[in-house]
Amino acid sequence: MDQHPTEAGLPALYREMAPHHLFPLWEVLHALVTPAPRSAARPALWRYAEARDFLLRAGALISAEQAERRVLILENPALPGTSSVTPSLYAGLQLILPGEVAPCHRHAQSALRFVMEGSGAHTAVDGEKAIMRPSDLVLTPNWQWHDHGNGSDAPMIWLDGLDIPTVRFFEASFAERLDGPAHPETAPPGDTALRYGRNLRPFRGTAAARRPGSRPLFHYPHAEWSAALDALEAADAPDPHLGHALEFTNPADGGPVMPTIAAHVRRIPAGFTTRARRSTDGTVFVVVSGSGTARVEGTEFRLEERDLFVVPSWHALEIEAGPALTLFAYSDRAAQEALGLWREGRS
Ligand code: 1HN
C-alpha cells in the first residue's frame, strides 16, 4: 500500500508536539485497548520453607515494634520495585515473636491475614482481639484500628494481603498511628461473632450495635470454613474448573469480604485435575494442605503445603491434586465486579 500522501510529515509533527506533552493516540491505541488482558505480572511461586528462613533471620535483627510491621514482601518478579504481587495487590509474610506487639494504626488500605503457622497470637480490630489459629482468615477493613500481639510461646507467621497498589493508583492513601502500642480493649474476643455471626445483628440504633453495620465481621476461623468445605465435598461432585469452592462473604450484604478484595477456599479432590480456567482477577494462592501441580499458562509449579503462588490476570490455570489439595486465595475480584470489569473463561 502507498503511504497516505501526508504521512511522511508525521515524525516531524511528533517531534514538535512532544515538548508540549501531546502525543498521537493512533500510534498506541492497539496497545492501550487490547482484545484481551495482557498482564504485566508473571506467574510466580514462593516456597514457604525458604521465605520462613529469611523471615526468622529478620526476626533476630529487628523487632516488630522497630519495624512497625516485620514483613517480607512477595514481589512479582515482573514488577520490580513496586511492592506488588499483581498490579493491584500486595502480599507479604509477617512474623510476630512471643511477647511482641505490632503497634496500633489504621489506614485507607484494606487488609486480610491468613495464618501460616503458630497459634494464640492475635490481631485486635477496633479493640477486639481475634485469637488466631492456623489457616484462620482475619480482616482489617479500611480505616479500622488494628494492632497485633503474640502472647503465645511460639512465633506466629501469617500472609498479609492488601490492596496497596489499588489505593496507590487512586492516590487515596491516608494513615494514622494511635498513641500507645495497643488499642484499649473494647470487647472480649468473640463478641463480634456472637452479635453479627449467627444470622442476627444487634437492633439498629441500640448501644449493642458496636461494629460498623456495613462490615461487621473480621474473623473467619479455619474450624468453620473447613467444616463447610468438608460438607460440600461430601454432598456434591466437584466443579470441573474449580473443584469445591466457597467464597468468604460479608454477612451485611452477602458480597465479598471487602470492597476491593475477595477471598475464597477450594478443595481439589485427590487425583482430580481441574479444567483450564482464566479470569481477569490476578489471584494469590496459599496451599493450605495437600500437594499437587499448578499449570499456569505453560509454567508448571510443584505445590507443597504452605507454598504460595500467583496467577496473573487471564492466565489459564489448571490444578492437579495428588492427595486432596486445599487452597486459600484472594484477588481484586471485588473491585472488578463493582466496576463491571470482571470476566472469566472456561475451557
Ligand atoms: C499493615 O498495616 C500491616 O497491619 C501489614 O499488619 C502489612 C503493609 C503495608 C501497609 C500496611 C499490618 C502492611 C500494612
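Criteria and thresholds
- The residue numbering used here restarts from 1 in each chain and proceeds along that chain's sequence as written.
- Side-chain atom pairs in this predicted model are given and counted only at pLDDT of 80 or more, local residue features only at pLDDT of at least 70, and totals for whole chains, interfaces and linings cover all residues.
- With hydrogens and water excluded, all non-hydrogen atoms of the structure serve as input to the side-chain values.
- As used in this record, nonpolar core signifies buried Ala, Val, Leu, Ile, Met, Phe, Trp, Tyr and Cys residues forming a set joined through side-chain atoms within 4.5 Å.
- A simple rule labels every residue: compare its accessible area, found with a 1.4 Å probe on the protein chains alone, to the largest value its type can have, and call it buried under 20%, exposed over 50%, or partly exposed in between.
- It only takes one pair of heavy atoms within 4.5 Å for two residues to be counted as in contact.
- The way it works is that DSSP assigns letters per residue, a run of H or I at least four long becomes a helix, a run of E at least two long becomes a strand, and they are numbered from the N terminus.
- Polar contact is defined as a pair of N or O atoms within 3.5 Å, subject to the rule that within protein one atom must be able to donate a hydrogen and the other to accept it, and that residues adjacent in sequence are counted only when both atoms are side-chain atoms.
- Being paired, for any two strands, means DSSP has found at least two bridges between them.
- Helix axes are fitted to C-alpha atoms over the stretch in contact, other axes to C-alpha atoms as well, and angles between N-to-C directions run from 0 to 180 degrees.
- Whether a residue is near a molecule or strand is decided by its heavy atoms; if any one of them lies within 4 Å of it, the residue is near.
- All accessibility values rest on the Shrake-Rupley procedure with a 1.4 Å probe; residue burial counts only the protein chains present in the view.
- Note that Gly is not counted as nonpolar here; it falls among the polar residues with everything else outside the nonpolar set of Ala, Val, Leu, Ile, Met, Phe, Trp, Tyr, Cys and Pro and the charged set of Asp, Glu, Lys and Arg.
- Expected span, for any helix, means 1.5 Å times one less than how many residues it has.
- What the arc describes is the spread of directions from the helix axis to the C-beta atoms.

Caption draft 1: Looking closely at the nonpolar core. The biggest cluster of nonpolar side chains holds 47 residues, and the ones touching the most others in it are Leu93, Leu112, Met116, Leu159, Phe248, Phe328 and Tyr330. Beyond its immediate stretch of four places on either side in the chain, methionine 116 contacts Tyr48, Leu93, Ile157, Trp158, Leu159, Val286, Arg306 and Leu308. Counting 15 residues, the second-largest nonpolar core is a separate cluster that includes Val296, Leu325, Leu327 and Ala329.

Caption draft 2: A look at the side chain of glutamate 117. Looking at the secondary structure, you find glutamate 117 in strand β5 (residues 111–117). Accessibility expressed as a relative area gives 14% for glutamate 117, which makes it buried. Among the polar contacts listed, one links the side chain of glutamate 117 to the side chain of arginine 52, at a separation of 2.7 Å. With near-sequence residues (within four places) excluded, glutamate 117 lies in contact with Tyr48, Arg52, Pro155, Met156, Ile157 and Arg306.

Caption draft 3: Spatial organisation of the sheet that holds strand β7 (residues 128–131). As summarised here, the arrangement of the five strands in space is β7-β6-β9-β4-β11, forming an open sheet in which the pairing is antiparallel. The open sheet terminates on both sides in strands that have one partner only, identified here as β7 and β11 (175–177). On average, adjacent strands in this sheet sit at an angle of 25° to one another, irrespective of strand direction. In this structure, strand β6 (residues 122–125) lies alongside β7, joined through four bridges in antiparallel fashion.

Caption draft 4: Structural view of the site of the ligand. Looking at the ligand, the residues that line it are Arg69, Tyr90, Gln94, His105, His107, Arg113, His146, His148, Asp160, Leu162 and Ile164. At 2.9 Å, a side-chain N or O of histidine 146 approaches an oxygen atom of the ligand. For the ligand, the protein covers 84% of the area, taking 330 Å² as the surface of the free molecule. Residues of the shell around the ligand, tallied by class, amount to three nonpolar, five polar and three charged.

Caption draft 5: Layout of the environment of alanine 91. Summarising the element assignment, alanine 91 is placed in strand β3 (residues 90–96). On the basis of relative accessible area, alanine 91 is assigned to the buried category, the value being 0%.

Caption draft 6: Region of interest: the pairing of strand β18 (residues 299–303). In this structure, strand β17 (residues 292–296) lies alongside β18, joined through five bridges in antiparallel fashion. Bridging from a neighbouring strand, alanine 294 pairs with phenylalanine 301 of β18. Linking β17 back to β18 in an antiparallel pair, the connection comprises two residues, with glutamate 297 at a positive phi of about 50°.

Caption draft 7: Looking closely at helix α7 (residues 222–235). Over its 14 residues, α7 runs 20 Å from end to end, which matches the ideal 20 Å to within 8%, given 1.5 Å per residue. Turning to α7, its buried residues are Trp225, Ser226 and Leu229. Projected down its long axis, α7 carries its buried residues within an arc of 95°, all on one side. Residues of α7 that are exposed and point more than 90 degrees away from the buried face comprise Ala223, Glu224, Ala234 and Ala235. Of the surrounding secondary structure, the elements contacted by the buried residues of α7 are β5, β12 (219–220), β13 (244–247), β14 (262–268), β16 (283–289) and β21 (325–331).

By themselves, these are just geometric observations and shouldn't be taken as functional.
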